[in-house]
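Given next are the chains, with one letter for each unit.
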Amino acid sequence: MAEFKRFCIEFDSGSDEVLNFDVVIIGTGVAGLYTAVNLDKKLKVALVTKETMQVSNTNLAQGGIAAPLSHDDSPDIHYMDTIRAGSGLCDSHMVRILVDEAIENINILLKMNIPFDLDDEGEIVLGQEGAHSRRRIIHASGDATGRIVSEHLGHVVKSYENVTIFENTFLVDILTDEQNTAIGVLIRIKNRNVVIFAKNIVLASGGYGYLYKYTTNPEVTTGDGCAAAVRCGAKVVDMELVQFHPTVLYHEKNKSFLISEAVRGEGGLLFNSFGERFMVRYHPLAELAPRDIVSRSIYFELQRTGSENVFLDITHLDANFIRKRFPNIYQKCLELGIDITKQRIPVAPAQHYSMGGVLSDEFGRTTVENLFVCGEAAGTRVHGANRLASNSLLEGLVFGRRIAQYINSRSQKNVKHIAICHRSLSKKEFDLNVATEIEGLRSKMSEYAGIVRTKEGLEKLIDYIVSRLEILNTMRLSTQKEIEYYNMLMIGYILANAALMRKESRGSHYRKDFPYQDDVNWKKHLVYSNIYGWEEIF
Ligand SMILES: Cc1cc2nc3c(=O)[nH]c(=O)nc-3n(C[C@H](O)[C@H](O)[C@H](O)COP(=O)(O)OP(=O)(O)OC[C@H]3O[C@@H](n4cnc5c(N)ncnc54)[C@H](O)[C@@H]3O)c2cc1C
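Being a predicted model, the structure only gives us computed values, none of them experimental.

A few points about the UniProt feature "domain: FAD-dependent oxidoreductase 2 FAD-binding" (unreviewed entry) in the protein
The UniProt record annotates "domain: FAD-dependent oxidoreductase 2 FAD-binding" (unreviewed entry) at residues 22-393. Taken end to end, residues 22-393 is 29% helix and 22% strand, and its first and last C-alpha atoms sit 26 Å apart.

Re a negative patch on the surface
There is a patch of like negative charges on the surface, built from Asp119, Asp120, Glu121 and Glu123. Residue position: Glu121 is located in the loop between α5 (102-111) and β5 (126-127).

Remarks on the sheet that holds strand β4 (residues 65-66)
Judged by pairing direction, the sheet is antiparallel, and its three strands sit side by side in the order β4-β6-β5 without closing on themselves. The outermost strands of the open sheet, each flanked by one partner alone, are β4 and β5. Judged from the two bridges that link them, β5 and strand β6 (residues 137-138) form a sheet pairing that is antiparallel. The residue bridging Gly127 from the neighbouring strand is Ile137, located in β6.

Description of the domain arrangement of the protein
The domain boundaries assigned to the protein delineate domain 1 (246-350) and domain 2 (421-519). A straight line from the C-alpha centre of domain 1 to that of domain 2 covers 30 Å. In this complex, domain 1 contributes six residues to the contact, which on the side of domain 2 involves five residues. Our enumeration of links across domain 1 and domain 2 arrives at one residue pair in polar contact (both at pLDDT 80 or more). Tallying contributions element by element places helix α10 (residues 291-305) first for the side of domain 1 that touches domain 2, with five residues. Residues of the side of domain 1 that touches domain 2, tallied by class, amount to three nonpolar, one polar and two charged.

Considerations on the nonpolar core
Judged by nonpolar contacts, the single largest core of 87 residues is most densely connected at Phe4, Ile174, Leu203, Leu371, Met445 and Ile465. When residues of this core are assigned to their parent elements, the largest contribution, 13 residues, is made by helix α16 (residues 480-501). In this structure, Val45, Met94, Ile138 and Ala140 belong to the second largest nonpolar core, which totals 53 residues.

A short note on the packing of helix α4 (residues 92-100) against helix α13 (residues 391-408)
For the pair α4 and α13, the least separation of the axes is 9 Å and the interaxial angle reads 95°. Taken together, the axis directions place α4 and α13 in an arrangement best described as roughly perpendicular. Contact with α4, carried on its side by Met94, Ile97 and Leu98, involves Asn391, Leu394, Glu395, Val398, Phe399 and Arg402 of α13 and no other residues of that element. For the contact of α4 with α13, the per-class residue count stands at six nonpolar, one polar and two charged.

Regarding helix α12 (residues 327-335)
Along α12, the residues classified as buried are Ile329, Tyr330 and Cys333. Each buried residue of α12 lies within a common arc of 100° when the element is viewed along its axis, so the set occupies one face. In this structure, the buried residues of α12 make contact with β12 (242-249), α8 (261-265), α11 (319-325) and β15 (345-354). Gly337 occupies a position one or two residues after α12 and carries a positive phi of about 90°.

Re the site of the ligand
As a matter of local geometry, the ligand sits amid 38 residues, with Thr58, Gly63, Gly64, Glu376 and Ser392 nearest to it. Taking Val55, its main chain carries an N or O atom lying 3.4 Å from an oxygen atom of the ligand. One nitrogen or oxygen atom from the main chain of Gln62 is found 3.4 Å from a nitrogen atom belonging to the ligand. About the coverage of the ligand: the protein hides 98% of its 990 Å² of free accessible area. Going through the elements one at a time, α1 (30-38), α2 (57-60), β8 (169-176), β15 and α13 are the ones with two or more residues in the shell around the ligand. Residues of the shell around the ligand, tallied by class, amount to 14 nonpolar, 20 polar and four charged.

Description of the pattern of salt bridges
Counted by the stated rule, this structure contains 44 salt bridges. Close ionic contact of Arg381 with Asp91 constitutes a salt bridge, the shortest N to O distance being 3.1 Å. One end of the pair, Arg381, is in the loop between β18 (378-379) and α13; the other, Asp91, is in the loop between α3 (75-85) and α4, and 290 residues separate them in sequence. Between Asp313 and Arg344 there is a salt bridge whose closest N-O contact spans 3.0 Å. Linking Asp313 in strand β14 (residues 310-313) with Arg344 in the loop between α12 and β15, this pair joins segments that are 31 residues apart in sequence.

Comments concerning the sheet that holds β12
Strand pairing in a sheet relies on backbone hydrogen bonds, with the paired strands running either antiparallel or parallel. Read across the sheet, four strands follow the order β12-β15-β14-β13 without closing on themselves; strand pairing throughout is antiparallel. In this open sheet, the two edge strands, each paired with only one partner strand, are β12 and β13 (269-271). Shown here is a sheet whose adjacent strand axes are inclined to one another by a mean of 45°, direction ignored. As defined by bridge partners, β14 adjoins β15 across three bridges and the pair is classed as antiparallel. For Val310, the partnering residue across the bridge sits in β15 and is Val347.

Details of the packing of aromatic side chains
According to the stated counting rule, one finds 11 aromatic pairs in the structure shown. Seen in terms of ring centroids, Tyr212 and Phe244 are 5.6 Å apart; in terms of plane orientation they differ by 90°. Their pairing is edge-to-face. Here Tyr212 is found in the loop between β10 (192-203) and α7 (224-231), whereas its partner Phe244 is found in strand β12, with 32 residues between them in sequence. Classification of Tyr212 as buried rests on a relative accessible area of 1%. Each ring, one from Phe278 and one from Tyr282, has its centre 6.3 Å from the other, and the planes form 85°; the classification is edge-to-face. Here the aromatic cluster, defined as three or more aromatic residues joined through ring pairs, consists of Phe4, Tyr493, Tyr528 and Trp534. The ring of Phe7 has Arg6 lying over it, and the distance from NZ or CZ to the ring centre is 4.0 Å. The ring of Tyr250 is capped by Lys255, whose NZ or CZ atom sits 4.8 Å from the centre of that ring.

Criteria and thresholds
- Residues numbered from 1 in each chain as written.
- Predicted model: local features only at pLDDT ≥ 70, side-chain atom pairs only at ≥ 80, totals over all residues.
- Heavy atoms only, no water.
- UniProt positions renumbered as here; feature names shortened; annotations may be inferred.
- Helix = DSSP H or I, 4+ residues; strand = E, 2+ residues; numbered from the N terminus.
- Patch = residues over 30% accessible without salt bridge, like charges linked within 9 Å, V, L, I, M, F, W, Y side chains within 5 Å.
- Areas by Shrake-Rupley, 256 points an atom, 1.4 Å probe, with all protein chains shown as cover.
- Salt bridge = Lys/Arg side-chain N within 4 Å of Asp/Glu carboxyl O.
- Lys, Arg positive; Asp, Glu negative; His and termini not counted.
- Charge placed at Lys NZ, Arg CZ, Asp CG, Glu CD.
- Pairing = 2+ DSSP bridges.
- Domains from an automatic or database assignment.
- Contact = heavy atoms within 4.5 Å.
- Polar contact = N/O pair within 3.5 Å; in protein donor to acceptor, adjacent residues only side chain to side chain.
- Nonpolar A, V, L, I, M, F, W, Y, C, P; charged D, E, K, R; others polar.
- Core = buried A, V, L, I, M, F, W, Y, C linked by side-chain atoms within 4.5 Å.
- Buried < 20%, exposed > 50% of the residue type's maximum accessible area, 1.4 Å probe, protein only.
- Axes fitted to C-alpha atoms, helices over the stretch in contact; angles between N-to-C directions.
- Parallel < 35°, antiparallel > 145°, perpendicular 65-115°, else oblique.
- Arc of directions from axis to C-beta.
- Near = heavy atom within 4 Å.
- Phe/Tyr/Trp six-rings, centres within 6.5 Å; stacked < 30°, edge-to-face > 60°.
- Lys NZ or Arg CZ within 6 Å of the ring centre and 35° of its normal.

What follows is the structure, given as structure tokens:
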């Protein structure tokens, strides 16, 4: 077993700057912003984000938000689609909440005048995406839903007097008292340590996509929130369940730009380098099969044909429709010399979504008192082993609001200030090339913990990570990059061990040596914490 540091850096609440808030929210994606919007205006809120407010997965979301709004749809049908995609691992109670509260949250966004796309009669246009049995994807500016939603929510939050926004501010660690109750956070503002004491700490810090070499996620997704939660004793769950998106642009100048699921939803077809429409051989729903199946099918086709990419073709659709429905994708591809109304788009799978996260209940409560989590950082188990497209923005909305309502109803007696400090026993400074180290880890994660996994590969990966952790545990970390690297190693270690333990294939987790789903032994979640080690929940 690898050991993890309790605190990443040295600090002292006696000499470092100290601030007091009722609520600290880490992250300005949909989960963090929407939580802030729903908090009581009497509460003093700190909203902390690593870069500027707009840098997040949310900002890149294209397809939209799933909600059962059409006359032929219902929460029950949305529920069934979500459960089916999740390959037997969705938590039915949590999914029920997700789908039952979808429409009321969309109505709140509409009341906030978020400009979702409307048809000529003023009705919301509902898009189609893979594995949804109904048209239920609400979108804005065609394929710029995430940017529109986060800009709008960001604008609203900036107007609130009770919210103080800390941009370019880095969460390092979560502080706890002797009872292991969370009492605040240690943050870094321009290399300056600041301790914030708060009764409520909300992690909305997103996933861990940047652990992979090929990912649609931005650099901020180094799993800091999950790693800090593990260091303070919280449980994480489903960390091995990582979704790979089938259609990410594969161009020498860009291998991370997402070609939305909605492109296949609107009729896009996949061809291999021999010009064959291969998906019909893999699944009755062909291009509209669940993401894990399409990603794996592409992986096998690439191996079979010896190519680096396949092609997504929408040239048979009306060019005006394409430009209007996918303005962002059209423009981005055009900049790279691909006119998608006339040419096929080269695509390959890449990491896209982290299903695992900090174990949480229906009010976003974690296993550490006063610590809440929502959005992609959370382990709500609503996505099971394979997230249904466009359910994650919805998850951030539904559980963000629930957390806010829970906090609003709590007694806000201040946390007691305890003198808290950490002095490192190690005298050795960090002397590795951190950029090279990070790239080394990312390559190994993609190679051994990617779309297809094996015992041998995962063991190699674990040995590598343990060897790096052992070195880092003897060193003092100081820069943000060094802490991020440590966080990535921690998350990689937990992920790889869970993937090794799960001796079956399910949803996005595919083991070449155990290619079948094993409901007798593995219809359960793997949970890890520093306090209890590995546990299983059903
Ligand atoms: C290209 C792309 C397209 C997508 N399309 C869709 C879609 O159409 N529909 C859908 O439902 N989902 C989509 N998703 C998934 C969805 O966007 C995310 O799951 C969701 O936005 C996560 O929201 P979040 O608020 O939890 O996290 P994020 O939006 O990722 O926000 C995390 C925040 O935490 C901050 N943070 C992280 N670490 C620290 C730290 N140490 N200190 C301070 N701040 C920190 C980050 O800077 C960021 O502000 C897409 C994802 C991508 C990448």
